[in-house]
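# Notes for the structure review
Here is how the chains run, residue by residue.
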Number of protein chains: 2
Amino acid sequence: MINKEQSRFLGIDIGGVNLKYSDENGRGKIIYFPMWKNFRQLKDRLEEIREKTNPEVVGVVITAELSDAFENKAEGINFISKAAIDAFERVYFLSIDGELSNSIDDPLRYSASNWVASVLFLRERYDNFLFVDIGSTTLDLIPVKNKVLAAKTDFERMKREELIYIGALRTPVCCLFPEYRKLHLAAELFAIVADAFILTRDISQNEYTVETPDGRGRSREECLSRLARMFCADVDEIGESFIIEFAHEIKRKMVKMISETIDRHLSDYNLKTVIGCGVGEFLIEEAMKEVKGMRGMKGMQTEHQAEYISLRRIYGKVSDLFPSFAMANLVANLVAGLPKEDQE
Amino acid sequence: MINKEQSRFLGIDIGGVNLKYSDENGRGKIIYFPMWKNFRQLKDRLEEIREKTNPEVVGVVITAELSDAFENKAEGINFISKAAIDAFERVYFLSIDGELSNSIDDPLRYSASNWVASVLFLRERYDNFLFVDIGSTTLDLIPVKNKVLAAKTDFERMKREELIYIGALRTPVCCLFPEYRKLHLAAELFAIVADAFILTRDISQNEYTVETPDGRGRSREECLSRLARMFCADVDEIGESFIIEFAHEIKRKMVKMISETIDRHLSDYNLKTVIGCGVGEFLIEEAMKEVKGMRGMKGMQTEHQAEYISLRRIYGKVSDLFPSFAMANLVANLVAGLPKEDQE
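Residues numbered from 1 in each chain as written. Chains lettered and ligands numbered in written order. Predicted model: local features only at pLDDT ≥ 70, side-chain atom pairs only at ≥ 80, totals over all residues. Heavy atoms only, no water.

## Quick look at the sheet that holds strand E6 (residues 100-101) of chain A
Residues and elements named next belong to chain A.
- Read across the open sheet, the six strands follow the order E3-E2-E1-E4-E5-E6; overall the sheet is mixed. Each edge of the open sheet carries a strand with a single partner, namely strand E3 (28-32) and E6.
- Note that strand E1 (residues 9-14) and strand E2 (residues 18-23) share five bridges and pair antiparallel. Residue pairing in the sheet places aspartate 13 in a bridge with lysine 20 of E2.
- Strands E1, strand E4 (57-62) and strand E5 (91-94) of the sheet are contacted by helix H4 (residues 114-123), whose axis makes an angle of about 90° with E5. (Pairing = 2+ DSSP bridges. Helix = DSSP H or I, 4+ residues; strand = E, 2+ residues; numbered from the N terminus. Contact = heavy atoms within 4.5 Å. Axes fitted to C-alpha atoms, helices over the stretch in contact; angles between N-to-C directions.)

Structure, rendered in structure tokens:
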């Protein structure tokens, strides 16, 4: 008998920074888990998740193999999949080709497949679209037109701007602004974009879920002080308003990168629909205003303008951990399609 | 009686990354001391230096107040100067105006004064020059013409390109190359420029004195793998030669930044002499080739071309810790100039 409080299916997205899990109904959680420091505790942490959720069947997608905890991606996939197999009774892994398998043959086929889960889930509901997912650290842009058009490795996706390694929380400010107003800013991990988004009020302190660069708190004052350090200065030396302007420039720059990339994909594949999710969805929403604006300026008709579908509006907070939610549904479907005797 | 093995004077440069100390004869050492993690052990470490060197008079310059171990620079200066006063019997601090004092009145006057020590020392030997010191993390460019022309705070110097926050070891590659060949590289601290300089053979593994970003070793293979991760790739995926080319591009970009900045200062102040030092002196030497080349291309006479003075050639390895060596000499001079009864 199935306990109504508990779901049979669980999806887990094992990333380099977070463990995200969800059942097929979207009840889930993000656990900050910096793989580069904590990888030895992965199995224990997965077992805690098992005890808490007690799933029958688990679906796992992996992106943490890129973490420098591992010498190379194959080592990463092997380590992580073993931890999952040890922690759960019945576990499936999703390959980059969209296949679910309960064992790992060629580890690299299971590298960076979390976006595949999201896209497979969405394809059952939408036809042609650009899927955009911005997490704490990275941005995926996956064009789907009749079939999935993205490349299959991180490096190939990077080349095609289907993967941009910027995110809504952890991106070091010095990577976005080596120069700002003709100043060479400090090439040092003094501040991350989450510090800016506290000042622009796009995120709350609770949403600043990653470590602060200096180990201090997440208050407005502490964020100001981290951003001031990018100018080798105390807050008083350069003034609050200068720093707040800088925070808005950080946001503008990210929004511009995102909108330009969305625009390029829409035009390359002649797509009209963008589906967005992730903890940084506020950036996608901002970017979409500019995408539409740009199209408008080119004199295109209103009916050709891009349409934006927010997964947060449809599914709620699980949009922040969408691949795990999608994965729970994929394994649920898989099990439903199995012969009766294999379902339990 | 003075022990011939021991000097009476010691200079210490307390930076955010290293403790550098030297006596007035250039016998010294660089101790890797990441202030942001280890600041609580500062006094102990200074006491170890005292026991080892047994100096009578110590001169201290401070740049570590910018470390995010401290809430602001004043807190940093106060903490560090207190540790020095507790650790040594007789200690002088150098202010940004070039004054030596055995107590700290206005802490900000003692912020970021290590280049002042070097320049005061050099002014006794050279007239007009551009002093260029590139350490593990930062680059100072100080114009001297009849008087010291640099600004007096880090932020003001940053504006005037007298401080550029790039160095020969710790600079994150993602700050230099947010984009490379139209790729957005990973905005992540996967690799630092020291990884590139191992591959270009500009530094040895022993000279890679700072932590590696992934905590692994400093071998060629390990550096290759860190740089590959900037492309979200294993080494095999992109190939060694691609990575080695990238390492050379990193060097070229830094050399270009340095040469352009040197050129600007030489031309702004009509200076002809560059005096260089620091663990990254190889970059200054490379940059000088381009400075001369640029001047040559503008059709200037040979006698107007910039002259380069390498402090490493003159003083040997102490060039890597020049401010501490200079500081030891400054306190030696100070004591020599005091009335007899105050000298001992």
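What follows picks up the thread again.
## Considerations on unusual backbone geometry
- Located in the positive-phi region is A:Cys232, a residue other than glycine, with phi close to 55°.
- Inspection of the secondary structure puts A:Cys232 in the loop between helix H8 (220-229) and helix H9 (235-238).
- Its identity as a non-glycine residue notwithstanding, B:Asn54 has a phi of 45°, on the positive side.
- Overall, B:Asn54 belongs to the partly exposed group, its relative accessible area being 46%. (Buried < 20%, exposed > 50% of the residue type's maximum accessible area, 1.4 Å probe, protein only.)

## Describing the relation of the copies chain A and chain B
- Mapping chain A onto chain B is achieved by rotating through 180° and translating by 0.0 Å along the same axis, at an RMSD of 0.0 Å. Accordingly, the operation relating the two chain copies is best matched by a two-fold axis. Rotation axis and chain A: the residue whose C-alpha lies nearest the axis is A:Cys175, separated from it by 2.3 Å. (Least-squares fit on C-alpha atoms with pLDDT ≥ 70 in both.)

## Here we look at the interface of chain A and chain B
- Each partner contributes residues to the interface: chain A has 47 residues there, and chain B has 47 residues.
- For the pair chain A and chain B, the summed buried surface comes to about 4000 Å²; carbon and sulfur atoms form 57% of the total.
- For the chain A face of the interface with chain B, the top three residues by lost area are A:Asp68, A:Tyr165 and A:His184, together amounting to 17%.
- At the junction of chain A with chain B, the criterion picks out four salt bridges.
- Residue A:Arg170 pairs with B:Glu188 through a salt bridge whose shortest N-O separation is 2.5 Å.
- Put simply, chain A and chain B have 22 residue pairs in polar contact (both at pLDDT 80 or more) between them.
- Elements with a contribution of two residues or more to the side of chain A that touches chain B: helix H3 (73-87), helix H5 (154-159), strand E10 (163-164), helix H6 (173-176), strand E12 (183-184), H8 and H9 of chain A.
- For the side of chain A that touches chain B, the per-class residue count stands at 27 nonpolar, seven polar and 13 charged. (Buried area = accessible area lost by both parts, 1.4 Å probe. Salt bridge = Lys/Arg side-chain N within 4 Å of Asp/Glu carboxyl O. Polar contact = N/O pair within 3.5 Å; in protein donor to acceptor, adjacent residues only side chain to side chain. Nonpolar A, V, L, I, M, F, W, Y, C, P; charged D, E, K, R; others polar.)

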